[in-house]
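# Residue-level structure breakdown
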Amino acid sequence: MIKAPLTGTPEELWRRRAAEKLTHFTLYGGLIRGAYVQANMVVEEMAQSHQLGPFETYFLGQAYLAALLMASTLKGNDRLNLKINTNGPVGGFTVDANAYGEVRGYLFENPIRIPTEWKEAPFTELWGEGTLSVTYVREGKRVPVTGTVAFDQRSLARGLVHYFDQSEQTSTALDLSLPFAENGKPLAGAGLLLQALPGCPDSVWNTMATRLNQLPSIGDNAEQSHSPSALLDFWFTDASPKILGNRSVEFFCPCSKDRFQSVLQGFSPEEQADILLNGPFPLETTCANCASVYQFSREELAVLFQH
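Below, the discussion takes up the sheet that holds strand β7 (residues 145–150). Whether parallel or antiparallel, the strands of a sheet pair through hydrogen bonds between backbone atoms. Spatially, β7-β6-β3-β4-β5-β11 is the arrangement adopted by the six strands of the open sheet, whose pairing is mixed. The open sheet has two edge strands, β7 and β11 (250–251), and neither has a second partner. The pairing of strand β3 (residues 79–86) with strand β6 (residues 130–137) spans eight bridges and is classified as antiparallel. Paired with L82 across the strands is V134, a residue of β6.

Judged by pairing direction, the sheet is antiparallel, and its five strands sit side by side in the order β8-β9-β2-β1-β10 without closing on themselves. With one partner strand each, in any of the chains shown, β8 (172–177) and β10 (242–248) form the two edges of the open sheet. Within this sheet the neighbouring strands show an average axis-to-axis angle of 10°, counted without direction. As paired elements, β8 and strand β9 (residues 190–196) share six bridges and run antiparallel to each other. Residue pairing across strands places T172 opposite Q195, the latter belonging to β9. Sitting on the sheet, helix α5 (residues 156–167) touches β8 and β9, and the angle it makes with β8 is about 160°.

Quick look at the pairing of strand β13 (residues 293–296) now. When a strand is regular, its side chains alternate between the sheet's two faces. Burial of the side chains of β13 is restricted to one face: Y294 and F296 are buried, whereas none of V293 and Q295 on the reverse face is. Sheet topology note: the strand β12 (residues 283–286)/β13 ladder contains four bridges and is antiparallel. Paired with T286 across the two strands is V293, which belongs to β13. With antiparallel pairing between neighbouring strands as the criterion, β12 and β13 make up a hairpin whose turn holds six residues, including A291 at a positive phi of roughly 70°.

Turning to unusual backbone geometry, a few remarks are in order. With an omega of 5°, the peptide bond between N110 and P111 qualifies as cis. Residue placement: P111 occurs in the loop between β5 (102–107) and α4 (123–127). Look at the link from G279 to P280: it is a cis peptide, with omega at 5°. Locating P280 in the fold gives a position in the loop between α10 (269–278) and β12. We note that Y28 has phi near 55°; this positive angle belongs to a residue other than glycine. Tracing the sequence through the fold places Y28 in the loop between β1 (21–27) and β2 (32–38). Judged by its relative accessible area of 27%, Y28 is partly exposed.

The subject of this paragraph is the packing of aromatic side chains. How two aromatic rings sit relative to each other is set out by the distance from centre to centre and by the angle between their planes. By the definition in use, this model includes 14 aromatic pairs. Measuring from centroid to centroid gives 5.9 Å for Y106 and F108, while their planes differ by 70°, and the two rings are edge-to-face. We classify Y106 as partly exposed; its relative accessible area is 26%. Each member of the aromatic cluster is reached from another via a ring pair, and the members are F55, Y58, F59, F93, F123, W127 and F151.

Once that is clear, we can look at the pattern of salt bridges. Under the defined criterion, the tally for this structure stands at eleven salt bridges. One salt bridge in this structure joins D96 and R104, with 3.4 Å as the shortest N-O distance. For D96, a relative accessible area of 21% translates into the label partly exposed. Taken together, the salt bridges that share partners define one network made up of K3, R17, E45 and E250.

A separate point is the environment of L231. With respect to the helices and strands, L231 occurs in helix α8 (residues 228–235). Assessed through its relative accessible area of 7%, L231 is described here as buried. Once residues lying within four places of it in the same chain are set aside, the contact partners of L231 are Y36, Q38, N221 and H226.

The element β2 is largely enclosed, with a buried count of seven among its seven residues. Across the two faces of β2 the burial is the same, with I32, G34, Y36 and Q38 and R33, A35 and V37 all buried. Two elements, β1 and β2, share seven bridges in a ladder whose sense is antiparallel. Bridge pairing in β2 places F25 opposite G34. With antiparallel pairing between neighbouring strands as the criterion, β1 and β2 make up a hairpin whose turn holds four residues, including Y28 at a positive phi of roughly 55°. Examined bridge by bridge, β2 and β9 share seven bridges and lie antiparallel to one another. Bridge assignment links I32 to a residue of β9, and that residue is A196.

Conventions and cut-offs
- Residues numbered from 1 in each chain as written.
- Predicted model: local features only at pLDDT ≥ 70, side-chain atom pairs only at ≥ 80, totals over all residues.
- Heavy atoms only, no water.
- Pairing = 2+ DSSP bridges.
- Helix = DSSP H or I, 4+ residues; strand = E, 2+ residues; numbered from the N terminus.
- Axes fitted to C-alpha atoms, helices over the stretch in contact; angles between N-to-C directions.
- Contact = heavy atoms within 4.5 Å.
- Buried < 20%, exposed > 50% of the residue type's maximum accessible area, 1.4 Å probe, protein only.
- Phe/Tyr/Trp six-rings, centres within 6.5 Å; stacked < 30°, edge-to-face > 60°.
- Salt bridge = Lys/Arg side-chain N within 4 Å of Asp/Glu carboxyl O.

Structure, rendered in structure tokens:
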């Protein structure tokens, strides 16, 4: 992966990256599980690498935050894919996350083109009708498991709440927050997920779900890189929050020039001959998931296609 450079000294970037965390916790002695993520650099690197405008950053940034939260229960080499396909201008996205806190993915439409005749752009029309799918790939299991539901067009958070209710029969509350500066630059990215576990009384769950919807902007707190443990104690002090662990989160893709080289070697002899004859040179290959570009000169390709 080739990341787009961010501004700041090495020390500043190290400090910022150290604050990028996903925190697992429980409330009321294990009646509710939760996950909280601060992913400021994840959103910024995503926007830089994919060359996103503010509008595009908002939609894909929310998807990254949601996928990281959903991956909080994964273990080992488990991974998941969150995908939305719609017929509106946004079109949808596909995002992968794993148990190591790594996330990658892309919008189907970049830039997002809103019809010029639209005077307003409500979320329901921006998204359009479509489906939301979640695929789990479990370590040691040959067949991935996918759940698909009709997408609730009002927001990604509402769509995922509907997914968990319909596909996994789990009461869920979700907040995704991406504050922006006046110049359109993302300031922070934060997400908070609560889920009722078996045996959780309705009264307890309803209280916490309502609490989440009444919290001040969690994105504003993330911008200040506040301690997750301090935030959880402040937000849920009466629910006895217990932190189970933390993991780092990162915009990361395992792509490499070697991987694209293998793809090129798989081309037919006729395709390889056409590339050597007509170019263009250098030949550029781009990873859809992270926008990394790998170049191959004519000399490199001539050697590559001999094998």
